[in-house]
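Residue-level listing of the chains:
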Amino acid sequence: MGCRHVQESINKMDKLCCPTIAGGLNFLDVSTWNKVIICKMLWNLCRKKDKLWVQWIHSYYKKDGPIWNERATQASWVVRKILKAKETYTNVGYMEDDVQYMQQFSTKVIYNKLRGEFPKVKWRRFICNNQGSHRWIFILYLALNNRQLTRDRLAQWKQLGDLRCMLCQAALEIIEHLFFECTVSAAIWNMILHWQGLARQPMTWQVEKEWTIKQGKGKTAEAHIYRWRWQQLYMLYG
């Protein structure tokens, strides 16, 4: 049970480390970043940088061939870890000559190569380059990922006496009910639609999301308004 929860936490952290266009929060992947820094140390060795520790390793561990091919089995784990970084270079398509003739080391380039490509989520425009309040955007991010702390989710962690919606007290508080089956939230959303000039009734959560994604594409003023309108979720749940 404990191992399962640990793995779930790791998977969730991996999700948060994804770029915002892929549905993450662009947190730094510390494990990958550590590999990048070690790669930079190997680059220093291959380039024979004028640094004391580089000269020391070359003096004690370098034999006839290039430092790239050295194993240094008798060296400390730190030196062996640096020399083993050539495997990381190989994974991103760099060979010895590529590293040897690299004039400058870019941590950003190597980091992005190690992270790879990510599929883009449809709703990325609601989060990326959004000029709204950070608090509003974060609440919208939680809603788009179905991570809102509605009462049905809170009940999984602790005992709650009443799971009914706090607004209408008529049904179980789940995200589909809150947006927009609830009579109170539907009335508020209806006013927002009317303010925007949309003569229609609020639809279900999934239908509203797909409709707004379709209408919010592009850089036109209307598209910006559609995306900004969704920040009004803060009024319902903030």
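Before any of the text, the structure's been laid out above.
Along each chain, the written sequence defines residue order, and numbers are assigned to residues from 1. Whole-chain, interface and lining totals are the exception, using all residues; otherwise, since this is a predicted model, local features are given only for residues with pLDDT of at least 70 and side-chain atom pairs are given and counted only at 80 or more. Values shown for side chains rest on all heavy atoms present in the structure; no hydrogens or waters enter the calculation.

### Comments concerning the packing of aromatic side chains
Test applied: Whether two aromatic rings pair depends on their centres lying within 6.5 Å, for rings of Phe, Tyr and Trp, where Trp uses its six-membered ring; planes under 30 degrees apart make the pair stacked, over 60 edge-to-face, and the rest tilted. In this description a helix means any DSSP run of H or I spanning at least four residues, a strand means any run of E spanning at least two, and both kinds are numbered starting from the N terminus. For every residue, the accessible area (1.4 Å probe, protein chains only) is compared with the maximum for its type, and the residue is labelled buried under 20%, exposed over 50%, or partly exposed between those bounds. Whether a charge sits over a ring comes down to the Lys NZ or Arg CZ being within 6 Å of the ring centre and within 35 degrees of the ring normal.
Counted under the stated rule, the structure contains eleven aromatic pairs. Arranged with centres 6.2 Å apart and planes meeting at 75°, the rings of W123 and Y141 form a pair that is edge-to-face. Here W123, found in the loop between α7 (107-115) and α8 (134-144), pairs with Y141, found in helix α8; they are 18 residues apart in sequence, far enough to count as distant. Note on accessibility: W123 and Y141 belong to one class, buried. Each ring, one from F138 and one from Y141, has its centre 6.4 Å from the other, and the planes form 20°; the classification is stacked. Of this pair, F138 and Y141 both sit in helix α8, separated by three residues, roughly a single helical turn. Take F138: its relative accessible area is 41%, and that puts it in the partly exposed class. By relative accessible area, which is 6% here, Y141 ends up buried. Grouping aromatic residues by their ring pairs yields a cluster made of F179, F180, W189 and W205. The aromatic ring of W211 is capped on one face by R200, whose charged end is 4.4 Å from the ring centroid.

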